[in-house]
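One-letter residues, chain by chain:
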Amino acid sequence: MSTEFIKPKQSFRRWYVYAFIFALITILAFYQSLQILAAPPTVATVSSSGITETTATLSGQHTGNNSLSITNRGFEYGTTVGYGSSVSEAAGIFVDTFGETELATPVAVGVNNGYVYVVDQSANNIKVYNSDGVYQPSMNFGLPGGGDVEFGDPYDIAFDSSDNIYILDATNERIQKLDPTGTSKLLEFPISSNAALGITVDSSGNIYVVDPGSDIITKYDSLGVSQLVIDDQGGLFNVYSDVAINSSGDIYVSSNATDQVAVFDASGAFLTTIGTSGSGDGQLNGPFRLSIDEDDNLYVGDLENFRIQRFDSSGTFDTLFGSFGSTDGEFSTMYGMAIDEYHNIYGSDIINLDVQKFSLDYSLDVTGLTCATTYHYRAFATNSDGTGNSADDTF
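Residues numbered from 1 in each chain as written. Predicted model: local features only at pLDDT ≥ 70, side-chain atom pairs only at ≥ 80, totals over all residues. Heavy atoms only, no water.

1. Considerations on the confidence of the model for the chain
Logical step 1: For the chain, per-residue confidence averages 86 on the pLDDT scale, and 86% of positions sit at 70 or higher.
Logical step 2: Within the model, the stretch residues 1–6 combines pLDDT values under 50 with 21 contacts to residues more than four positions away or in other chains.
Logical step 3: Predicted confidence is poor over residues 10–38, with pLDDT under 50, and the contacts of this stretch with residues over four places away or in other chains come to 31 contacts. (pLDDT = per-residue confidence, 0-100. Contact = heavy atoms within 4.5 Å.)

Set out below in structure tokens:
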């Protein structure tokens, strides 16, 4: 099984892909023509920061059913619950598109220390951007080949707690561990297949590699010695594609062909599944990339639904990002995905050849405050149908 330009489940069900895409375009156009009311967004305040005698930064976050776009969000603040000062911004979840002029085959995305690392498979290198999407060519690394810091069809990237970089070097059937600059190899160890698709590193430095050809997940220690193998549970799952680890050490694996995320405990014992087959909220069609944030929210790259979905720590659907298309906030083939510490979500597209950035968070820097005074503030967000919500706090 070659990894060259793989579309995991599409390679197994290729016969209906074009009909599916045509039908999806028709369905999307139909739903866009309906003014279906969605539940108002859920809004939360995030602890204010940067507080001095006269300044502060207010922060909010909106989640919920985003069948309707967020058309406005912002803050009110003042010395009483009546507030007095209001600042709003027209804002959706979409933030930015970048990489259109540099990327050839962006199969994976990683984030670390404020930088976005894009695995450019056919170029056999890693391209780097800052969190605003500004290209940083001096930070790129990798060349075609089989030597140190050379790649043959790199397919995923991960980072450990010391900022070391791990590259799934598929055709060379190995994992390369590089220093934080990506210029020096620290470790190399072999993997059993050139079909491996996903890699992650847990807080203890253990490395997990997903092989969809054999439908196994292998856990290696920090030296590359195999410690655990999880199989397809007697055929229950099919086409394992990516892996993520939560704060308890539970192992989440996307089962691309069965439209589920399988969950195992740290010993490899099966626990549960997340998602069912379909295109509704919380339903999956070809789940691929996975990420888990510091609150154990799970983000799923929903490949054939052209979107990213978020589930809370209990596995309940929370919100979604993206839709089918080729403009801002849209995917033709949602392939790579990563989440940063500010809840920015990055998704790469191997057809549109770009990276889309989304965010649930928003903030406001306020100045001219009165020293030794308690301020009240309200974060708010409003849907395009006019329904809204807010949350109050003080600083």
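On we go from here.
2. Some details on the nonpolar core
Logical step 1: Counting residues in hydrophobic clusters, the biggest one holds 34 residues, and the most contacted among them are Phe141, Leu168 and Val209.
Logical step 2: With 15 residues, the next largest nonpolar core counts Val43, Val366, Leu369 and Phe395 among its residues. (Core = buried A, V, L, I, M, F, W, Y, C linked by side-chain atoms within 4.5 Å. Buried < 20%, exposed > 50% of the residue type's maximum accessible area, 1.4 Å probe, protein only.)

3. Focus: the sheet that holds strand β6 (residues 106–112)
Logical step 1: One open sheet holds the three strands; their spatial order is β6-β7-β8, and the pairing between them is antiparallel. One side of each edge strand has no neighbouring strand; the edge strands of this open sheet are β6 and β8 (125–130). Between one strand axis and the next, the sheet turns by 25 degrees as a mean value, whatever way the strands run. (Pairing = 2+ DSSP bridges. Helix = DSSP H or I, 4+ residues; strand = E, 2+ residues; numbered from the N terminus. Axes fitted to C-alpha atoms, helices over the stretch in contact; angles between N-to-C directions.)

4. Considerations on the environment of Ala195
Logical step 1: As for its placement among the helices and strands, Ala195 is situated in the loop between β14 (185–190) and β15 (198–201).
Logical step 2: Residues Ala195 and Glu173 lie 22 residues apart in sequence; the distance between their C-alpha atoms is 8.4 Å.

5. Brief notes about the sheet that holds strand β12 (residues 165–169)
Logical step 1: Pairing within the open sheet is antiparallel, and its four strands lie in the order β11-β12-β13-β14. Strand pairing shows two members of the sheet lacking a second neighbour, β11 (154–159) and β14, which therefore form its edges. Neighbour-to-neighbour, the strand axes of this sheet turn through a mean angle of 20 degrees, independent of strand direction.
Logical step 2: Alignment of β11 against β12, held across five bridges, turns out to be antiparallel. Each bridged residue has a counterpart across the sheet, and for Asp156 the counterpart in β12 is Leu168.

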